Amino acid sequence: ASRVIAPIRSRCLCVRVASPTVAQIAGVLESTAKKESLSLPPGFANKLAEQSHGNLRKALLTLEAARVAQYPFTSDQEVKQAD
């Protein structure tokens, strides 16, 4: 199911990278929020991380959507999925 053509694939080493854990995603979200001068409660960061299902890009987009929807964040804030 690879879209890479066979001559290139034969000269490359395929490396599988596991999805990040919920804790790793929550850490990235907290770090990103800090750099953006946002206050992100740990409970809300974990909720965002859990709902991203290992997809860091989705977690960051959801954080951005949550910032637009409601800031300051609360631990019990509803998580709306980003498009």
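(A) Representation of the packing of aromatic side chains within the structure. Evaluation of the coordinates by the stated rule reveals two aromatic pairs. Considering the side-chain rings of Y71 and F73, the 5.1 Å spacing of their centres and the 90° angle between planes classify their relative orientation as edge-to-face. Among the aromatic residues, those joined into a ring-pair cluster are F44, Y71 and F73.

(B) Quick peek at the confidence of the model for the protein chain. Residues with a pLDDT of 70 or more make up 96% of the protein chain, whose mean pLDDT is 91. Within the protein chain, the lowest mean pLDDT, 89, falls on helix α1 (residues 6–9), and the highest, 97, falls on helix α2 (residues 22–35).

(C) Representation of a nonpolar patch on the surface within the structure. There is a patch of nonpolar side chains on the surface, built from V4, I5 and I8 and spanning about 260 Å² of accessible area. Along the chain, V4 falls in the segment before α1. Accessibility expressed as a relative area gives 39% for V4, which makes it partly exposed.

(D) Representation of the nonpolar core in the model. If you look at the biggest cluster of nonpolar residues, it comprises 15 residues, and the most contacted ones within it are I25, L29, L40, F44, L48, L63 and F73. Elements with a contribution of two residues or more to this core: α2, α3 (42–51) and α4 (56–69).

(E) Region of the structure containing the side chain of S52. Inspection of the secondary structure assignment puts S52 in the loop between α3 and α4. Take S52: its relative accessible area is 3%, and that puts it in the buried class. Side-chain polar atoms of S52 contact the backbone oxygen of A49, separated by 2.7 Å. Among residues more than four places away in sequence, those in contact with S52 are I25, K58 and A59.

Cut-offs and rules
Residues numbered from 1 in each chain as written. Predicted model: local features only at pLDDT ≥ 70, side-chain atom pairs only at ≥ 80, totals over all residues. Heavy atoms only, no water. Phe/Tyr/Trp six-rings, centres within 6.5 Å; stacked < 30°, edge-to-face > 60°. pLDDT = per-residue confidence, 0-100. Helix = DSSP H or I, 4+ residues; strand = E, 2+ residues; numbered from the N terminus. Patch = residues over 30% accessible without salt bridge, like charges linked within 9 Å, V, L, I, M, F, W, Y side chains within 5 Å. Areas by Shrake-Rupley, 256 points an atom, 1.4 Å probe, with all protein chains shown as cover. Salt bridge = Lys/Arg side-chain N within 4 Å of Asp/Glu carboxyl O. Buried < 20%, exposed > 50% of the residue type's maximum accessible area, 1.4 Å probe, protein only. Core = buried A, V, L, I, M, F, W, Y, C linked by side-chain atoms within 4.5 Å. Polar contact = N/O pair within 3.5 Å; in protein donor to acceptor, adjacent residues only side chain to side chain. Contact = heavy atoms within 4.5 Å.

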